[in-house]
Amino acid sequence: MANSSAPRRRRARTPERLPLPDQVVLVLQGGGALGAYQGGVVQGLADKGIDVDWIAGISIGAINAAIVAGNPPAHRVGQLRAFWEEVTAALPSLPFVGGGEWREWVHLASAGFVAMQGVPGFFTPRLLNPLMAPSGTAGALSFYDSAPLAKTLDKYVDWDRLNSGAPRLSIGAVDVESGNFRYFDTATDRIDARHVMASGALPPGLPPVEIDGAFYWDGGLVSNTPLSYVLDNQREEMLVFQVDLFSARGAMPATIMDVYAREKDIRYSSRTRAITDQLLALRKAREAVQRLLDKLPPEFAEDPDYQRVARLAAERPVNIVHLIYRKHGWEGGARDFEFSRDTMEHHWREGLAALAETMRHDALLARNIVDGRTAAFDLAN
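As the structure is a computational prediction, the values presented were derived from the model and not from experiment.

**Let's talk about the overall build of the chain**
Scanning the chain for helices and strands turns up 12 helices and 13 strands. Over its C-alpha trace the chain gives a radius of gyration of 22 Å, about what one expects of a compact globule, namely 21 Å for 381 residues. Taken over the C-alpha atoms alone, the chain extends approximately 75 × 50 × 45 Å along its principal axes. The burial tally for the chain puts 50% of its 381 residues in the buried class. Long-range contacts, defined as pairs at least 24 residues apart, comprise 73% of the intrachain contacts of the chain with a sequence gap of at least 6. Per element, the accessible surface of the chain, about 17300 Å² overall, is 55% carbon and sulfur. With 41 positive and 46 negative side-chain charges, the chain shows a separation of 4 Å between the mean positions of the two kinds.

What follows is the structure in structure tokens.
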């Protein structure tokens, strides 16, 4: 491979000095406590000198994305790390000793603690059960109060920097009354804490968030990944790091707890897989149309219908790198709200290791980027 074919490209600090395309995008899926894995990926990208031009997130992915976009490059990892240390500060960490069964029980106990006490700087349990609260009030719509998150976001996010558009930020939420999906995007909107909180307002745990007279819930109710939004708005060649917190593949369940965990994996991962498959199918269709256009006589080039079809067939290469958290046997269906410090550290290390392993194969990515090809990769396993 001749790296000199693209001398003006930005390059990463990887073995092949990975040439970067015009736009590098970070796509962050929802997944609650598993979001610490995304923190490790963010650190890995910074370590490799891969600057991100656009970040899109949903739910916990929106929170991580806002902290990254709302800080200067030199402070992003530190602020993200500080956020995760704050939200895991109060939960006692029991020693993970003995066999897998003991660790699974510790994991469940930690999740149970969160269910009773909430998460510092994130959400707190309501004093009154929502079934007993007056109809139509905020207290009647959720089991927890997410007000602490607003102060936490203000602590870790510089909103003026976030809204500067460098990097661009997009976060998804769903309108409670219409059921329509909505993206708030610094390319068109001014984003504040309400938009980030709306993206992560998963019912019935957290209450809907009002923005300009409309109420919004967690975007994961419609799609747990903003990948389709990014691809629909692609205007130039792109390298996408898609960070998924739920894996489509998994073992046959052996217990009812396994069933709960596996159902959640399938529900939240299937959308990502479908979008990637559609992208590659569309690429093949565009190539077929372009081959047909190339066979037409030159005089057709001035025909308006020819020009319209040529525009539709025009290919803007995109390479999607999947970084997927693979759960361990001791993690069950409660893993997305198990906010213990030990588990957070585990998730963070896993994200950092996955990015490092992926970049060991950067020669394959480099060839695709230089040659203008479209493909999807899962190189960490």
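So that's the structure; there's more coming.
**As for the UniProt feature "short sequence motif: GXGXXG" (unreviewed entry) in the chain**
Per the UniProt annotation, the sites labelled "short sequence motif: GXGXXG" (unreviewed entry) are residues 30-35. Taken end to end, residues 30-35 is 0% helix and 0% strand, and its first and last C-alpha atoms sit 7 Å apart.

**A closer look at unusual backbone geometry**
Cis geometry is found at the peptide bond from A166 to P167, where omega equals 0 degrees. Relative to the helices and strands, P167 is located in the loop between α6 (159-162) and β7 (168-175). Geometrically, the link from P203 to P204 is a cis peptide bond, its omega value of 0 degrees lying close to zero. Within the secondary structure, P204 is located in the loop between α7 (193-199) and β9 (209-211). Not every positive phi belongs to a glycine, and S59 is a case in point at roughly 60 degrees. One can find S59 in the loop between β4 (54-58) and α2 (60-69). Overall, the relative accessible area of 11% leaves S59 in the buried class. Within the chain, D212 stands out as a residue other than glycine whose phi angle is a positive 50 degrees. With respect to the element layout, D212 can be found in the loop between β9 and β10 (214-218). With a relative accessible area of 71%, D212 lands in the exposed category.

**Let's talk about helix α12 (residues 362-371)**
Owing to its 3.6 residues per turn, the α-helix brings residues three or four apart onto one side. Every buried residue of α12 is listed here: D362, L365, A366, N368 and I369. One side of α12 holds all its buried residues, which, seen down the axis, span an arc of 165 degrees. Where α12 is buried, its residues meet β2 (19-20), β11 (238-244), β12 (318-324), α11 (341-359) and β13 (375-377).

**Overview of the confidence of the model for the chain**
Averaged over all residues, the pLDDT of the chain is 89; the fraction at 70 or higher stands at 94%. Segment residues 1-7: pLDDT under 50, and 8 contacts once partners within four positions in sequence are set aside and those in other chains are kept.

**Some thoughts on the pairing of β4**
Among the 5 residues that make up β4, 5 are buried, leaving the element largely enclosed by the rest of the structure. Residues W54, A56 and I58 of β4 are buried on one face, and the alternating residues I55 and G57, pointing to the opposite face, are buried as well. Sheet topology places strand β3 (residues 23-28) next to β4; 4 bridges connect them, and they run parallel. When the sheet's bridge partners are listed, V25 is paired in β4 with W54. Of the crossover connections in this fold, the one passing from β3 over helix α1 (residues 36-47) to the parallel β4 is right-handed.

**Brief notes about the pattern of salt bridges**
In this structure the tally under the stated criterion is 15 salt bridges. Between R10 and D53 there is a salt bridge, and its shortest N-O distance comes to 2.9 Å. With R10 in strand β1 (residues 10-11) and D53 in the loop between α1 and β4, the pair connects residues that are 43 residues apart, well separated along the chain. Look at D53 and you get partly exposed, because its relative accessible area is 25%. Put simply, D192 and R194 hold a salt bridge, and the shortest N to O gap is 2.9 Å. Assessed through its relative accessible area of 24%, D192 is described here as partly exposed. Residue R194 is classed as partly exposed on the basis of its relative accessible area, which comes to 33%. The structure contains a network of salt bridges with shared partners spanning R81, E85 and E345.

Definitions and limits used
- Residues numbered from 1 in each chain as written.
- Predicted model: local features only at pLDDT ≥ 70, side-chain atom pairs only at ≥ 80, totals over all residues.
- Heavy atoms only, no water.
- Helix = DSSP H or I, 4+ residues; strand = E, 2+ residues; numbered from the N terminus.
- Rg over C-alpha atoms; globule rule 2.2 N^0.38 Å.
- Buried < 20%, exposed > 50% of the residue type's maximum accessible area, 1.4 Å probe, protein only.
- Contact = heavy atoms within 4.5 Å.
- Areas by Shrake-Rupley, 256 points an atom, 1.4 Å probe, with all protein chains shown as cover.
- Lys, Arg positive; Asp, Glu negative; His and termini not counted.
- Charge placed at Lys NZ, Arg CZ, Asp CG, Glu CD.
- UniProt positions renumbered as here; feature names shortened; annotations may be inferred.
- Arc of directions from axis to C-beta.
- pLDDT = per-residue confidence, 0-100.
- Pairing = 2+ DSSP bridges.
- Right-handed = clockwise from strand over helix to strand, strands pointing away.
- Salt bridge = Lys/Arg side-chain N within 4 Å of Asp/Glu carboxyl O.

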